[in-house]
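What follows is the residue order along each chain.
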Amino acid sequence: MADTHGGGHAQTAQDYISHHLQNLQVCRVDGEWVWNQCAGNFWTINVDSMFFSIVLGSLFLWLFHSVAKKATSGPPGKLQTAIEAIVGFVDTAVKDAFHGHNKLIAPLALTIFVWVFLMNFMDLIPVDWLPWAASLAGVDYLKIVPTTDVNVTFAMSLSVFFLIIYYSIKTKGFGGFIGELTLHPLAPPTKGLGLIGAPFVIAFNLILESASLLAKPLSLSLRLFGNMYAGELIFILIALLGFYQLPLHFGWAVFHILIVTLQAFIFMMLTIVYLSQASQQSH
Amino acid sequence: MDFNATLIGQTIAMIFFVWFTMKFIWPPIMNAIEARQVAIADGIAAAQRGQTDLENAKAEAAKIIAEARDQARSIIDQANSRASAILEAAKAEAEAEKQRRLEAARAQIDVEINRAREELRGQVAAIAVAGAERILKREIDAAAHRDLLERLAAEL
């Protein structure tokens, strides 16, 4: 198995693992496109992550849009029933956690849930299949699970982060947002001698609240990334075992079905909860 | 953990996906679901309304049937009493007619009797006159009188 990769030269187990964890990268150096020699260059595109995430996102859009176009309020077909079950599930989750009216949040939650689920689901394709096919086609590296790429999870969590800030400022005003960062959890003294201590209290609050604000996107993306990366790593380790990988792979795959769904759900649910907190008037 | 421009590409892709979902996927599906919920609620309400309507109609029908039955009974009663009244009247009339005819017959008979009696009386007078004439013709013969008178009496 190991010698099917890496252009023919012999591979150790460590080579095999790091090979599997390497993205297919392209960057521009001195006016030329360079493949896989991009360490340290920010203007690098992980082609495999982009390709699979966009293909899976488009699959999601195509599937749901094909149903949405023909959606009937009469007796629904089987596909429409399935799609409606997912939409209804997300809608219930949003209505439970988010109080208020917002046109963006439910579609956002649906997109995140289905898209993350599909990207996670790539994990269940045996780790060698697509990289092997790609190597036959002359592509040296291929990482097929986009959510094991930290760029993908951070792109989503940072989008959510900016939405949190946007809705905080929209609901409470800029002053209210700053006040939320500085006047909680300790109320600074407003009169008397204690006024001297007010800047320290505000600084303390700012550090605390900034940390808790920044922890939101960080934990959101790292949780998803960590789970999927570790899961993928274990699949790769199992694949190193040769013949005995079969029962182990099956067991881990079954367990992973749970993780795949759970992580998608957690990402969606936390997005809703964070945006709900951001849109609430009182702290 | 190397960040690169994939981050930007992914963010653009995500914004597009979310925008597309918000624009073209969520509203039609949600509208269909909500329209169906309304339709189902209406259907259930209509079914319940139909049920109560049916029950009302049944009660109404039972009431009308009971009324009709009462009416029919009273009509039959009326008819019966009227029939017996008619019968009684007819009987009484027939009785009266019978009486009338009987009396008429009786009166006629009386008239006939009287007439016959008058006639007889006239005849007796004539016979008496004739007898008297004969007696006077033959003058008075006691034995002959008696004989004659007895014959007269026998003739009466």
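Parameters and conventions
- Residues numbered from 1 in each chain as written.
- Chains lettered and ligands numbered in written order.
- Predicted model: local features only at pLDDT ≥ 70, side-chain atom pairs only at ≥ 80, totals over all residues.
- Heavy atoms only, no water.
- Pairing = 2+ DSSP bridges.
- Helix = DSSP H or I, 4+ residues; strand = E, 2+ residues; numbered from the N terminus.
- 1 Å grid on protein atoms, 1.4 Å probe; cavity = no way out; pocket = protein on both sides within 12 Å on 5 of 7 lines; lining within 4 Å.
- Points joined across faces, edges and corners; volume = space filled by probe spheres on them.
- Nonpolar A, V, L, I, M, F, W, Y, C, P; charged D, E, K, R; others polar.
- Salt bridge = Lys/Arg side-chain N within 4 Å of Asp/Glu carboxyl O.
- Buried < 20%, exposed > 50% of the residue type's maximum accessible area, 1.4 Å probe, protein only.
- Phe/Tyr/Trp six-rings, centres within 6.5 Å; stacked < 30°, edge-to-face > 60°.
- Lys NZ or Arg CZ within 6 Å of the ring centre and 35° of its normal.
- Contact = heavy atoms within 4.5 Å.
- Buried area = accessible area lost by both parts, 1.4 Å probe.
- Polar contact = N/O pair within 3.5 Å; in protein donor to acceptor, adjacent residues only side chain to side chain.

Some details on the pairing of strand β1 (residues 25–29) of chain A
Residue and element names in this part refer to chain A.
Thinking step 1. Here β1 runs beside strand β3 (residues 44–46); their pairing, made up of 3 bridges, is antiparallel. When the sheet's bridge partners are listed, V26 is paired in β3 with I45.
Thinking step 2. Strand direction decides the pairing type here: β1 and strand β2 (residues 32–35), joined by 4 bridges, are antiparallel. Its bridge partner being in β2, C27 is matched across the sheet by V34.
Thinking step 3. Taking the residues between adjacent antiparallel strands as the criterion, β1 and β2 are bridged by 2 residues, where D30 takes a positive phi near 50°.

Let's talk about empty space enclosed by the protein
Residue and element names in this part refer to chain A.
Thinking step 1. Scanning the model with the defined rule gives 1 cavity of 30 Å³ or more in all.
Thinking step 2. Looking at the largest cavity, its volume works out to about 40 Å³.
Thinking step 3. As for the largest cavity, its lining consists of H20, V127, P131, L142, K143, I144 and E232.
Thinking step 4. Taken together, the residues of the lining of the largest cavity sort by class into 4 nonpolar, 1 polar and 2 charged.

A few points about the pattern of salt bridges
Should the charged atoms of two oppositely charged side chains come close, the side chains can pair.
Thinking step 1. Summed over the entire model, instances satisfying the criterion amount to 9 salt bridges over all chains.
Thinking step 2. Residue E84 of chain A is joined to R36 of chain B by a salt bridge in which the shortest nitrogen-to-oxygen separation is 2.8 Å. You can see E84 of chain A sitting in helix α3 (residues 78–97) and its partner R36 of chain B sitting in helix α1 (residues 6–138), one on each of two chains.
Thinking step 3. According to the relative accessible area criterion, E84 of chain A is buried, its value standing at 10%.
Thinking step 4. On the accessibility criterion, R36 of chain B (14% relative accessible area) is buried.
Thinking step 5. By sharing partners, the salt bridges in this structure join E97, R100 and R101 of chain B into a single network.

Brief notes about the packing of aromatic side chains
Thinking step 1. Using the criterion set out here, one finds 19 aromatic pairs over all chains in the structure.
Thinking step 2. Relative to F265 of chain A, the ring of F89 of chain A lies with its centre 5.7 Å away and its plane at 35°, an arrangement referred to as tilted. Taken as a pair, F89 of chain A in helix α3 and F265 of chain A in helix α8 (residues 245–278) lie far apart in primary sequence, 176 residues in all.
Thinking step 3. Ring geometry for F20 of chain B against F24 of chain B: centres 5.0 Å apart, planes inclined by 50°, an arrangement best described as tilted. Of the two residues, F20 of chain B and F24 of chain B are both situated in helix α1; the distance of 4 residues between them amounts to about one turn of the helix.
Thinking step 4. Judged by its relative accessible area of 15%, F20 of chain B is buried.
Thinking step 5. Linked through ring pairs, W115 of chain A together with F16, F17, W19, F20 and F24 of chain B together constitute an aromatic cluster.
Thinking step 6. Directly above the ring of W33 of chain A sits R28 of chain A, whose terminal nitrogen or CZ lies 4.8 Å from the centroid.

Looking at the interface of chain B and chain A
Thinking step 1. Contacts between the two partners involve 29 residues from chain B, matched on the other side by 49 residues from chain A.
Thinking step 2. Contact between chain B and chain A buries roughly 3,400 Å² in total, counting both sides, with carbon and sulfur atoms accounting for 77%.
Thinking step 3. In this structure, the connection of chain B to chain A is made through 1 salt bridge.
Thinking step 4. If you look at where chain B meets chain A, you find 12 residue pairs in polar contact (both at pLDDT 80 or more).
Thinking step 5. Here the side of chain B that touches chain A is composed, by residue class, of 21 nonpolar, 6 polar and 2 charged.

That's the geometry; what it means functionally is another story.
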